[in-house]
Every structure is written in C-alpha cells, then in structure tokens.
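Chain residues, written in single-letter form:
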Amino acid sequence: MPNPLVVANWKMNGDRAFAGAFFSALDLSGVVADVAICPPFPYLMQVVESAGKMGSGKLSVGAQNVSAEEAGAFTGEVSADMLGDCGARYAIVGHSERRTLYGESSELVAKKFAAAKGAGLVPIICVGETLEEREAGRTLDVISAQLQAVVDHAGAESWRGVVVAYEPVWAIGTGKTATPEQAQEVHRFIRERLGEAGVETPLLYGGSVKGSNAAALFAQQDIDGALVGGASLDAKEFTGICRAAG
Ligand code: PEP
C-alpha cells in the first residue's frame, strides 16, 4: 500500500507574505501522510526553506509545471534539473488547466513526465475527463488514452516512482466533487492500467477536496490522497485534509 500523500496546488495565488503566513498556520503534528506544497515558481526556494524549518521529514515541495526540454533557448521555461536544484521533489504535469488553457497535448505531457523523472523528480501526472466526456460515457476511454501517451513515450516501466492524480475536469474549482464511489471506480481502473507498478503508486483524487469531504474520499480503497487546489490556500483547512488522510 502506498503511503498517503496530500499535495497543495496554490496555482497562481499568493505572495511572499502569504507563503510565510501559511507555514506559521500549518500544523502537521500527528499527520502520517506525506505532504507536498506546490507554490508558484518565484516562491519555490522560500517554500523549500520554510518546509525545511518545519523539520518534518514528511513535508516536501513541488512545482506546478516543468519544461519538457533539458536546457537552452526556451524563453520562459523552467527545466526539471533547475527544479531539483532549487529543492523540489515533485513536479505536477498535465494539470487540466495546462491541457485546456495552454493547449498541452497528452504527448507533451508525456515528455514533461519523462523529463521530470529523468532529472530525479517525482512527476504527479494529472488525468481526467470533462463533463461532456463523462456524460457521453467516455470517462475510462479518456483516462486510458491520457495514460497510454506516457507508455508510448516512456514505456510501461516508467510508472514506477511516480504519482497519478485523477482530477475530473468538471470538479476542479467548481465546488462539485466526484462522489467517493465515482472516484473509486476510476482509481481502480487506473491502478489496474498501471500494471505491477500500480500497487505502489499513490493515486490522488483532485477536485474540490476540502476538510468536510476528504475523509469519505480517503475511505475508498484506491484513493491514496488528494491534490488540493482552492482549499490548500487556507492552512487550517489544508491541515484538516492532511489529518483526514492519516
Ligand atoms: C487542482 O487545482 O488540482 C484542484 C483540484 O483544484 P480545486 O481543489 O480547487 O478543485
């Protein structure tokens, strides 16, 4: 069984003062789950420093995005090596906001996934269907195709040492959460699709997770944690989610 993992995705929110205040209010005493904070790039090193000061071996830092390229003339991009050099452990790839707002294809996401792994980071790859796709009964086909792009690019062996987040697009930032049963069905499917590696792979649910619905989601057999957007901006609420994870 993978250790539970709760990941905060601050998206494009906060500033230096926010990051400082967040760590003053975060209380991970008694939390068993691993916890990761993904701030905007400019605050990465500040957050690495704050996380280090908390002295909890359970707390680490991640980036919200990573370049597929290693180095060179790619203005505005940040490489996986740079993230590792700044102290990041994780890199989110394929978040639905990147896929839809920035046109990132599953092929590009797969390249980012491989770049992160190649640099020693743990990629957190996000997959999920739109409302239209769910209503058309295509949820599992969509997830399957998103996962297959990674296998095509990096091989089935590449599932070891990674994190997969199921994030139904219709539940992100909308206040609508998948029911625990809806989420479990997709998580079980993902676990099976990952083959042997799936047994050890943390499978996170993301989509309007908050203190009040976290425990019911975490009670499902194949939900190992959460990727949390909005509720991760409130340190007390986020603490509650971490406690619910174990
Ligand atoms: C996310 O950003 O990955 C997310 C799940 O956001 P929210 O929790 O706000 O739905």
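So, a few notes on the structure that sits alongside this text. (Residues numbered from 1 in each chain as written. Predicted model: local features only at pLDDT ≥ 70, side-chain atom pairs only at ≥ 80, totals over all residues. Heavy atoms only, no water.)

### Some points on the layout of surface pockets
When its volume is computed, the largest pocket comes out at roughly 380 Å³. Contributing to the lining of the largest pocket are 13 residues, with Lys 11, Met 12, Gln 64, Arg 98 and Tyr 102 lying nearest its centre. As a volume, the second largest pocket reaches approximately 230 Å³. Within the lining of the second largest pocket, the residues separate by chemical class into five nonpolar, eight polar and three charged. (1 Å grid on protein atoms, 1.4 Å probe; cavity = no way out; pocket = protein on both sides within 12 Å on 5 of 7 lines; lining within 4 Å. Points joined across faces, edges and corners; volume = space filled by probe spheres on them. Nonpolar A, V, L, I, M, F, W, Y, C, P; charged D, E, K, R; others polar.)

### Regarding the packing of aromatic side chains
The description of two aromatic rings rests on the distance between their centres and on the angle between their planes. What the rule picks out here adds up to seven aromatic pairs. Summarising the aromatic geometry, the rings of Phe 22 and Phe 23 are spaced 5.5 Å apart at their centres and angled 75 degrees between planes, so their arrangement reads as edge-to-face. Taking the relative accessible area as the measure of exposure, Phe 22 reaches 3% and is therefore buried. Three or more aromatic residues joined by ring pairs form one cluster here, namely Trp 10, Phe 18, Phe 22, Phe 23 and Phe 238. (Phe/Tyr/Trp six-rings, centres within 6.5 Å; stacked < 30°, edge-to-face > 60°. Buried < 20%, exposed > 50% of the residue type's maximum accessible area, 1.4 Å probe, protein only.)

### Observations regarding the pattern of salt bridges
Throughout the structure, instances matching the rule amount to twelve salt bridges. Glu 157 is paired through a salt bridge with Arg 160; the nearest N and O atoms lie 3.5 Å apart. Taking relative accessible area as the criterion, Glu 157 reaches 59% and is therefore assigned exposed. Under the relative-accessibility criterion, Arg 160 is labelled partly exposed at 39%. (Salt bridge = Lys/Arg side-chain N within 4 Å of Asp/Glu carboxyl O.)

### Comments concerning the site of the ligand
Near the ligand there are 14 residues, and of these Lys 11, Glu 167, Gly 173, Ser 208 and Gly 230 occur at the shortest range. A distance of 3.2 Å separates an oxygen atom of the ligand from a polar atom in the side chain of Asn 9. Between an oxygen atom of the ligand and a main-chain N or O atom of Ser 208, the distance comes to 2.7 Å. In the complex, 97% of the free accessible area of the ligand, which totals 290 Å², lies under the protein chains. Looking at the shell around the ligand, its residues break down into four nonpolar, eight polar and two charged. (Near = heavy atom within 4 Å. Polar contact = N/O pair within 3.5 Å; in protein donor to acceptor, adjacent residues only side chain to side chain. Areas by Shrake-Rupley, 256 points an atom, 1.4 Å probe, with all protein chains shown as cover.)

### Digging into helix α5 (residues 106-118)
Here α5 spans 18 Å end to end across 13 residues, near enough to the 18 Å set by a 1.5 Å rise per residue. Every buried residue of α5 is listed here: Ser 106, Val 109, Ala 110, Lys 112, Phe 113 and Ala 116. Viewed end-on, α5 has its buried residues packed into an arc of 160 degrees, placing them on one side of the element. α5 presents Glu 107 and Gly 118 as exposed residues on the side facing more than 90 degrees away from its buried surface. The secondary structure elements touched by the buried residues of α5 are α3 (80-85), β4 (90-93), α4 (96-101), β5 (122-127) and α7 (139-154). Gly 120 sits one or two positions beyond α5 and adopts a positive phi of about 85 degrees. (Helix = DSSP H or I, 4+ residues; strand = E, 2+ residues; numbered from the N terminus. Expected span 1.5 Å × (residues − 1). Arc of directions from axis to C-beta. Contact = heavy atoms within 4.5 Å.)

### Some remarks on the pairing of strand β1 (residues 5-9)
Along β1, five of the five residues are buried, which leaves the element largely enclosed by surrounding structure. Pairing analysis gives five bridges linking β1 to strand β2 (residues 34-38), with the strands arranged parallel. By the bridge assignment, Val 7 is partnered in β2 with Ala 36. Relative to strand β8 (residues 225-228), β1 runs parallel, the two being bridged by four bridges. The residue of β8 that forms the bridge with Val 7 is Leu 227. (Pairing = 2+ DSSP bridges.)

### Observations regarding the pairing of β2
Counting buried positions along β2 yields four of five residues, so the element is predominantly enclosed. Regarding topology, helix α1 (residues 16-25) serves as the crossover connection from β1 to the parallel β2, and that connection is right-handed. (Right-handed = clockwise from strand over helix to strand, strands pointing away.)

### Some words on the nonpolar core
Judged by nonpolar contacts, the single largest core of 62 residues is most densely connected at Phe 23, Ile 37, Trp 159, Ile 190, Tyr 205 and Phe 238. The biggest single contributor to this core is helix α10 (residues 235-245), with five residues. If we ignore the near neighbours within four places in the chain, the residues touching Ile 37 are Ala 8, Trp 10, Phe 22, Phe 23, Val 47, Leu 59, Ser 60, Val 61, Gly 62 and Phe 238. Val 7, Cys 38, Tyr 90 and Ile 92 belong to the second largest nonpolar core, which has 13 residues in total. (Core = buried A, V, L, I, M, F, W, Y, C linked by side-chain atoms within 4.5 Å.)

Interpretation in functional terms is not warranted from these geometric data alone.
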